[in-house]
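Residue-level listing of the chains:
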Amino acid sequence: MMISEKMQSTLNDQINEELFSSYLYLSMSAWFQSINYKGFAGWMKKQSTEEYEHAMKIYDYLHEVGADVSLDAIKKPQASWKSPLDAFKDALKHEKHITECINKLADLAVEEKDHATNIFLHWFVTEQVEEVGNATDIVEKLKMIGDNPAGLFMLDGQLGHR
Ligand SMILES: [Fe+2]
Ligand SMILES: [Fe+2]
């Protein structure tokens, strides 16, 4: 195995974090669908697929470096929110948490002088800048819209084109 035991277990933990992200956004998608916001629902469903792909990137990397994949139980996600703003605020909070996880992983790679894993993680560091940026952008738009139905209708349509 080309990585340490500790790195192996932390990367396995991150697979779980990414799979939970996928589950959370799928739950948000189902909730948006249930209140007829099809654009928000579509956006969240795509996000869910992306998160599954993040998990698979780590899954493949572990195999590449001769480490073992060990899958843990995925936590049950929340099933409903108070408003679209409430849901996207949660998504933003979650992405900030994921950024922290990725930064800790990157710290560990540096600490262990694990150059290969460090470089592997660069993609995730960049991805998190994008994820937090996108979520912040939508939260800010939803704050501006407030309770205005026309504004919500427009943003729903816009996000549906993602
Ligand atoms: Fe992710
Ligand atoms: Fe992304």
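Chemist: Please clarify how the overall build of the protein should be interpreted in this entry.
Modeler: Helix and strand content of the protein: five helices and zero strands. In terms of overall dimensions, the protein has a C-alpha envelope of 55 × 25 × 25 Å along the principal axes. Looking at the protein residue by residue over its 162 residues, the buried ones come to 30%. Restricting the contact set of the protein to residue pairs at least 6 apart, pairs at least 24 apart contribute 75%.

Chemist: When you look at helix α5 (residues 149–160) in this model, what are you seeing that I'm missing?
Modeler: Each α-helix winds once per 3.6 residues, and so residues spaced three or four apart point in a common direction. The end-to-end C-alpha distance of α5, which contains twelve residues, comes to 16 Å, matching closely the 16 Å that a straight helix rising 1.5 Å per residue would cover. Every buried residue belonging to α5 is among L152, L155 and L159, and all of these are buried. The arc enclosing the buried residues of α5, seen along the axis, measures out at 70°, which places them on a common side. Of the residues in α5, the exposed ones pointing more than 90 degrees away from the buried face are P149 and A150. Against α2 (38–64), α3 (84–111) and α4 (115–145) lie the buried residues of α5.

Chemist: Please clarify how the nonpolar core should be interpreted in this entry.
Modeler: Generally speaking, soluble globular proteins have nonpolar side chains that are buried together. Formed by 27 residues in total, the largest nonpolar core has its most connected members in M28, F32, F40, M44 and F88. The element contributing the most residues to this core is helix α1 (residues 5–34), with ten residues. Of all hydrophobic cores here, the second largest spans seven residues; its members include I98, I102, L105 and F120.

Chemist: Whenever I open this one, the packing of α1 against α2 confuses me. Can you help?
Modeler: Geometrically, a packed helix pair is captured by the angle between its two axes and the distance between the axes. At a minimum axis distance of 8 Å, the contact between α1 and α2 shows a crossing angle of 165°. In terms of axis orientation, α1 runs roughly antiparallel to α2. The crossing of α1 and α2 is left-handed.

Chemist: Just checking my understanding: could you explain α1 for this structure?
Modeler: Here α1 spans 44 Å end to end across 30 residues, near enough to the 44 Å set by a 1.5 Å rise per residue. In the segment just after α1, N36 is the residue with positive phi, at about 70°.

Chemist: What's the story with the packing of α3 against α4 in this structure? I'm lost.
Modeler: Where α3 meets α4, the axes come as close as 9 Å, and the angle between the chain directions of the two elements is 160°. In terms of orientation, α3 lies roughly antiparallel with respect to α4. The interaxial crossing formed by α3 with α4 has left-handed handedness. A class-by-class count of the residues in the contact of α3 with α4 yields 19 nonpolar, five polar and five charged.

Chemist: What's the story with the environment of F153 in this structure? I'm lost.
Modeler: By secondary structure assignment, the location of F153 is in helix α5. Sequence-wise, F153 and W31 are 122 residues apart; in three dimensions their C-alpha atoms are separated by 16 Å.

Chemist: What should I look at first to understand unusual backbone geometry in this one?
Modeler: Here N36, not a glycine, exhibits a phi torsion of approximately 70°, which is positive. For K113, which is not a glycine, the phi torsion comes out positive at approximately 50°. Looking at the element boundaries, K113 is found in the loop between α3 and α4. Exposure remark for K113: the 7 C-beta atoms within 10 Å place this residue in the exposed category.

Definitions and limits used
- Residues numbered from 1 in each chain as written.
- Chains lettered and ligands numbered in written order.
- Predicted model: local features only at pLDDT ≥ 70, side-chain atom pairs only at ≥ 80, totals over all residues.
- Helix = DSSP H or I, 4+ residues; strand = E, 2+ residues; numbered from the N terminus.
- Buried ≥ 20, exposed ≤ 12 C-beta atoms within 10 Å, placed from the backbone.
- Contact = placed C-beta atoms within 7 Å.
- Expected span 1.5 Å × (residues − 1).
- Arc of directions from axis to C-beta.
- Core = buried A, V, L, I, M, F, W, Y, C linked by C-beta atoms within 7 Å.
- Axes fitted to C-alpha atoms, helices over the stretch in contact; angles between N-to-C directions.
- Parallel < 35°, antiparallel > 145°, perpendicular 65-115°, else oblique.
- Left-handed = near helix turned anticlockwise from the far one by under 90°.
- Nonpolar A, V, L, I, M, F, W, Y, C, P; charged D, E, K, R; others polar.

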